[in-house]
Amino acid sequence: MTSTHPDIDYANKAVLAPMVRIGTLPTRLLALDYGADLVWTEELVDKRIIGSVRQYNPATGTIDYRKGKAKALTFSTCDAEKGKVILQLGTADADLALEAALTVKQDVAGIDLNCGCPKKFSVQGGMGAALLTNPDNLKKILINLVDHSGVPVSCKIRLLDTQEETINLVKMIVTTGVKALTVHCRTRNQRSSEKAVWERLAEIVDVVKSISDIPVIVNGDVYQYSDIEKAKEITRADSVMIARGAQLNPSAFRKDGLLPFDQYIKAYLTKCIDVDNLFQNTKYCVLCMNTEDSTHTRSNLYASAQRSKNLPQLYDIFGLTEYYEKTLAEQKARLEAYNKANEKIESTKREREEEEEEKATSAEKKHKT
């Protein structure tokens with residue numbers, strides 16, 4: 001299939017990593033505001049995406065994908081991240097992967113296959129890091145996406161236990177036609193508390209460049225903008241991906257350095273209000289964000305946020321009640337205006353149909369006489 005999307009330039013970029021529950025729309029928008037070039041969504045599993053219905057939300061201006069009778073939100077995006085949002089896909093099946101990609105293709109800049117998540121849920125289902133040791137299936141999924149989705153496809157892996165195994169896997173991945181490769185410089189069994197092995201990536205980058213000129217993105221222990229040059233120098237990677245640094249402080253992408261907690265937390269919550277983010281997700285992200293020292297979880301502010309039961313309570317803690325109420329009223333007014341305009345359009349349409357029906361009936365009567 002010929003791509004219906006413009007190619008993405010993955011080179012010389014600082015990008016937001018895919019992080020479960022963290023990489024929802026408000027975090028992505030804030031990362032972009034602070035200087036991120038591209039943003040990955042949280043991992044979305046193929047079956048969760050398939051069957052979702054695309055809807056325009058007139059209150060917030062977002063495009064929402066919802067599913068089932070409960071209309072549970074699957075994915076949300078907006079114009080501010082158009083051309084910059086990469087959906088990370090969790091899958092173990094080439095056909096389901098393609099169906100999921102086609103469901104959201106008009107609203108994402110690219111699809112990234114998750115081949116690095118070591119969590120039990122992913123691995124047990126043959127997804128994530130399980131694909132590292134199932135190269136035949138990995139290749140099948142990537143080729144199906146590349147050949148038939150019409151969307152730029154990339155892939156995110158972890159290091160395998162040996163360099164030889166990793167290089168063999170990378171050689172295969174590059175031949176599938178992916179547009180970029182991200183390497184998390186830890187093995188499947190390593191955790192974030194262990195130092196990322198940047199030193200192994202330089203040889204891998206050389207191997208990639210010997211086959212194709214696609215960009216390689218380094219992930220692991222890049223916490224803020226000031227870490228970027230060092231990471232690129234050691235790994236020879238084209239671009240960097242920031243994960244935990246952006247989770248703790250989304251201003252990690254700022255060239256001018258990190259902002260204090262009271263600034264970025266209010267900026268984050270403002271985004272949540274603007275797009276009507278779910279309370280559970282908003283609260284979770286707030287509790288994940290760090291203050292300036294390691295004692296923040298024992299602070300009164302943290303305890304108050306933890307006890308909050310709904311959005312008004314949470315916004316009140318951070319002094320955003322007035323902004324929340326004002327925005328809520330504006331969203332309600334936009335929704336009413338949208339519904340009213342639609343009602344007028346539908347009414348006009350019905351009137352025209354009735355007129356056409358009357359004309360047809362009249363013409364038929366004349367013909368009979």
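Just so you know, these numbers come straight off a predicted model, no measurement behind them.

## A few points about the packing of helix α5 (residues 135-148) against helix α6 (residues 163-174)
Phase 1: Two numbers describe how α5 lies on α6: the axes approach to 10 Å, and their chain directions differ by 25°. Relative to α6, the element α5 lies roughly parallel. In the packing of α5 onto α6, the handedness of the crossing is right-handed. Only L169, M172 and I173 of α6 make contact with α5, whose side of the interface consists of P135, L138, K139 and L142.
Phase 2: Residue composition of the contact of α5 with α6, grouped by class: 6 nonpolar, no polar and 1 charged.

## What to know about a negative patch on the surface
Phase 1: Together, E346, E353, E355, E356, E357 and E358 line one region of the surface with negative charge.
Phase 2: Turning to its location among the elements, E357 is positioned in helix α14 (residues 321-368).

## Description of the UniProt feature "domain: DUS-like FMN-binding" (unreviewed entry) in the protein
Phase 1: With numbering matched to this structure, UniProt assigns "domain: DUS-like FMN-binding" (unreviewed entry) to residues 16-261.
Phase 2: Helix and strand shares over residues 16-261 are 33% and 24% respectively, and the end C-alpha atoms of the span are 19 Å apart.

## Examining the pairing of strand β9 (residues 153-159)
Phase 1: The buried fraction of β9 is high, at 7 of 7 residues.
Phase 2: Pairing of strand β8 (residues 110-115) with β9 involves 5 bridges; the strand directions are parallel. Its bridge partner being in β9, L113 is matched across the sheet by C155.
Phase 3: Chirality of the crossover, the property in question, places the unit of β9, α6 and strand β10 (residues 180-187) among those that are right-handed.

## Some details on the pairing of strand β12 (residues 239-242)
Phase 1: Taking every second residue as pointing to the same face, both faces of β12 are buried, with S239 and M241 on one and V240 and I242 on the other.
Phase 2: Two strands pair when backbone bridges link them, and strand β1 (residues 14-16) and β12 are joined in this way by 3 bridges, in the parallel orientation. Its bridge partner being in β12, V15 is matched across the sheet by M241.
Phase 3: Bridge count between strand β11 (residues 216-219) and β12: 3 bridges; the pairing is parallel. Residue V218 lies in a different strand from β12, and its bridge partner there is V240.

Conventions we followed
Residues numbered from 1 in each chain as written. Predicted model: local features only at pLDDT ≥ 70, side-chain atom pairs only at ≥ 80, totals over all residues. Heavy atoms only, no water. Axes fitted to C-alpha atoms, helices over the stretch in contact; angles between N-to-C directions. Helix = DSSP H or I, 4+ residues; strand = E, 2+ residues; numbered from the N terminus. Parallel < 35°, antiparallel > 145°, perpendicular 65-115°, else oblique. Left-handed = near helix turned anticlockwise from the far one by under 90°. Contact = heavy atoms within 4.5 Å. Nonpolar A, V, L, I, M, F, W, Y, C, P; charged D, E, K, R; others polar. Patch = residues over 30% accessible without salt bridge, like charges linked within 9 Å, V, L, I, M, F, W, Y side chains within 5 Å. Areas by Shrake-Rupley, 256 points an atom, 1.4 Å probe, with all protein chains shown as cover. Salt bridge = Lys/Arg side-chain N within 4 Å of Asp/Glu carboxyl O. Lys, Arg positive; Asp, Glu negative; His and termini not counted. Charge placed at Lys NZ, Arg CZ, Asp CG, Glu CD. UniProt positions renumbered as here; feature names shortened; annotations may be inferred. Buried < 20%, exposed > 50% of the residue type's maximum accessible area, 1.4 Å probe, protein only. Pairing = 2+ DSSP bridges. Right-handed = clockwise from strand over helix to strand, strands pointing away.

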